[in-house]
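# Survey of secondary and tertiary structure
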Amino acid sequence: MKPVTLATTREMKRRGEKITCLTAYDYSFASLLDTAGIDMIMVGDSLGMVMQGHDSTLPVSVADMVYHARCVARGTKRALIIVDLPFMSYQQSPAHAFASAGRLMQKGGAQVVKLEGGEPMAETVRFLVERGIPVCAHLGLTPQSVHQLGGYRVQGREATAAERIRHDARVLQEAGASLLVLEAVPSELAKTITSDLEIPTIGIGAGPDCDGQVLVLQDMLGIYPRPSPKFSKNFMQGAASVEAAVKSYIEAVKSGTFPGPEHSFHSA
Ligand code: KIV
Ligand code: NA
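Residues numbered from 1 in each chain as written. Chains lettered and ligands numbered in written order. Predicted model: local features only at pLDDT ≥ 70, side-chain atom pairs only at ≥ 80, totals over all residues.

### Notes on the overall build of the chain
Counting its secondary structure elements, the chain contains 11 helices and eight strands. For the chain, the C-alpha radius of gyration of 17 Å lies close to 18 Å, the compact-globule estimate for 268 residues. Reported as C-alpha extents along the three principal axes, the dimensions of the chain are approximately 45 × 45 × 40 Å. Counting every position in the chain, which comprises 268 residues, the buried fraction comes to 51%. For the chain, contacts bridging at least 24 residues in sequence account for 62% of all contacts bridging at least 6. (Helix = DSSP H or I, 4+ residues; strand = E, 2+ residues; numbered from the N terminus. Rg over C-alpha atoms; globule rule 2.2 N^0.38 Å. Buried ≥ 20, exposed ≤ 12 C-beta atoms within 10 Å, placed from the backbone. Contact = placed C-beta atoms within 7 Å.)

Written as structure tokens, this is what we have:
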């Protein structure tokens, strides 16, 4: 049982083996996902919504992220642990981002930190990477910008917006990002970006052609009390246990049957 590293994910991309990822925020679920064979566990700031009941991810603090990341790290032996930098913990300056990312790694057990944003974040990505902190970038629907985006909506449908995201993806890779999450973008755009880049793309609402897939755990278990996004799927339907649901998600991603057309978006 060799631990999954960033080198493993690059090798998987090269081989065309899909990378599986789910979010988790506590010891028991992390342990269950890890044992089921998930490749990466993401401690997302989605915990503000699914664990804390807020309407957005904006209220989440670094201390919240550290707490949940530590719980997850105790349950994880094999999966690569990616932890979100929350809103207000990294945008102001590279030095501020470095201090926050350091806490996630040192106190939380993060192996990779994730941050949202395009070209304006490139300098920060470079600053972290040059100082030994691996970074996962996140483009498309970036939930920390929900008020600027005017809601949780698909991004990059128009040609100019798509070109902007494609450009940002290249710039973030060039700055040293190791992974790229693409959220709620047309499948065609995600496919193009995936072939543009050497680093793996991890899609959520980004169609079947990304190098990997991620979902929010509470969405794929169908236990979030508010409506789940169209791109998600309830894997508890027809499953005998949580473990079986997680295994069927892993199997569906590995075999390319998830996401299907009903979970995907298209260009305008
Ligand atoms: O916060 C989160 O859970 C995320 C992923 C779903 C990409 O950012
Ligand atoms: Na997030």
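Next, the rest of the story.
### With respect to the site of ligand 1
Around ligand 1, the neighbouring residues are Thr-23, Met-42, Gly-44, Asp-45, Ser-46, Asp-84, Val-181, Glu-183, Ile-204, Val-214 and Val-216. For the shell around ligand 1, a count of residues per class yields five nonpolar, three polar and three charged. (Near = placed C-beta within 6 Å. Nonpolar A, V, L, I, M, F, W, Y, C, P; charged D, E, K, R; others polar.)

### Digging into the UniProt feature "binding site: Mg(2+)" (unreviewed entry) in the chain
UniProt's entry tags Asp-45, Asp-84 and Glu-116 with the feature "binding site: Mg(2+)" (unreviewed entry), counted in the numbering of this structure. Annotated residues spanning 72 residues; largest pairwise C-alpha distance 11.0 Å, indicating a single compact cluster. Residue position: Asp-45 is located in the loop between strand 2 (40-43) and helix 3 (47-50). Those residues within four positions of Asp-45 in sequence are excluded, and the remaining contacts are Thr-57, Val-60, Met-65, Asp-84 and Pro-86. When near neighbours in sequence (up to four residues on either side) are disregarded, Glu-116 contacts His-138, Thr-142, Gln-144 and Ser-145. (UniProt positions renumbered as here; feature names shortened; annotations may be inferred.)

### A short note on helix 5 (residues 94-106)
For an α-helix the count is 3.6 residues per turn, leaving residues at separations of three or four pointing the same way. Its 13 residues give helix 5 an end-to-end C-alpha distance of 18 Å, which sits within 8% of 18 Å, the value for a rise of 1.5 Å per residue. Where helix 5 is concerned, the buried positions are Ala-97, Ser-100, Ala-101, Leu-104 and Met-105. Angularly, the buried residues of helix 5 cover 140° about the axis, an arc narrow enough to put them on a single face. Opposite the buried face of helix 5, by more than 90 degrees, sit the exposed residues Ala-95 and Gln-106. If you follow the buried residues of helix 5, they end up packed against helix 4 (62-75), strand 3 (80-84), strand 4 (112-116) and helix 6 (122-130). (Expected span 1.5 Å × (residues − 1). Arc of directions from axis to C-beta.)

### As for the sheet that holds strand 6 (residues 179-183)
The strand order around the closed barrel formed by eight strands is 1-2-3-4-5-6-7-8, and the pairing between neighbours is parallel. Taking the axes of each pair of neighbouring strands and ignoring which way they run, one obtains an average angle of 25° across the sheet. Summarising the sheet, strand 1 (residues 19-23) and strand 2 pair through three bridges and their orientation is parallel. Among the inter-strand pairings, Cys-21 is bridged to a residue of strand 2, identified as Met-40. Seen against the sheet, helix 9 (residues 187-196) touches strand 6 and strand 7 (201-204) and runs at an angle of roughly 165° to strand 7. (Pairing = 2+ DSSP bridges. Axes fitted to C-alpha atoms, helices over the stretch in contact; angles between N-to-C directions.)

### Things to note about the pairing of strand 2
Of the two faces of strand 2, the one carrying Met-40 and Met-42 and the one carrying Ile-41 and Val-43 are both buried. Of the crossover connections in this fold, the one passing from strand 1 over helix 2 (residues 27-36) to the parallel strand 2 is right-handed. As defined by bridge partners, strand 2 adjoins strand 3 across four bridges and the pair is classed as parallel. What sits directly across from Ile-41, in strand 3, is Ile-81. (Right-handed = clockwise from strand over helix to strand, strands pointing away.)

### Some details on the nonpolar core
Leu-22, Ile-41 and Leu-180 are the most contacted members of the largest nonpolar core, which has 83 residues in total. It is helix 4 that contributes the most residues to this core, seven residues altogether. Residues within four places of Ile-41 in sequence aside, it is in contact with Leu-22, Ala-24, Ala-30, Leu-33, Asp-34, Val-72, Thr-76, Ala-79 and Ile-81. (Core = buried A, V, L, I, M, F, W, Y, C linked by C-beta atoms within 7 Å.)

### As for the packing of helix 6 against helix 8 (residues 159-175)
Running from N to C, helix 6 and helix 8 point in directions that differ by 25°, and their axes come no closer than 8 Å. Regarding the angle of helix 6 to helix 8, the classification is roughly parallel. Where helix 6 crosses over helix 8, the two elements pack in a sense that is right-handed. The segment helix 6 lies against helix 8, with Ala-122, Val-125 and Arg-126 engaging Val-171, Leu-172 and Ala-175. Across the contact of helix 6 with helix 8, the residue classes break down as five nonpolar, no polar and one charged. (Parallel < 35°, antiparallel > 145°, perpendicular 65-115°, else oblique. Left-handed = near helix turned anticlockwise from the far one by under 90°.)

### Points about the UniProt feature "binding site: 3-methyl-2-oxobutanoate" (unreviewed entry) in the chain
UniProt annotation of "binding site: 3-methyl-2-oxobutanoate" (unreviewed entry) refers to Asp-45, Ser-46, Asp-84 and Lys-114 when read in the numbering used here. These annotated residues cover 70 residues of sequence, but their C-alpha atoms sit close together, with the largest distance between any two at 12.4 Å. Structurally, Lys-114 can be placed in strand 4. For Lys-114, a count of 25 C-beta atoms within 10 Å puts it in the buried group.

### Notes on the packing of helix 4 against helix 5
At a minimum axis separation of 9 Å, helix 4 and helix 5 run at an interaxial angle of 20°. By the angle class used here, helix 4 and helix 5 are roughly parallel. In terms of crossing hand, the pair formed by helix 4 and helix 5 is right-handed. Contacts between helix 4 and helix 5 involve Val-62, Met-65, Val-66 and Ala-69 from the first element and Ser-100, Arg-103 and Leu-104 from the second. In the contact of helix 4 with helix 5, the residues fall into five nonpolar, one polar and one charged.

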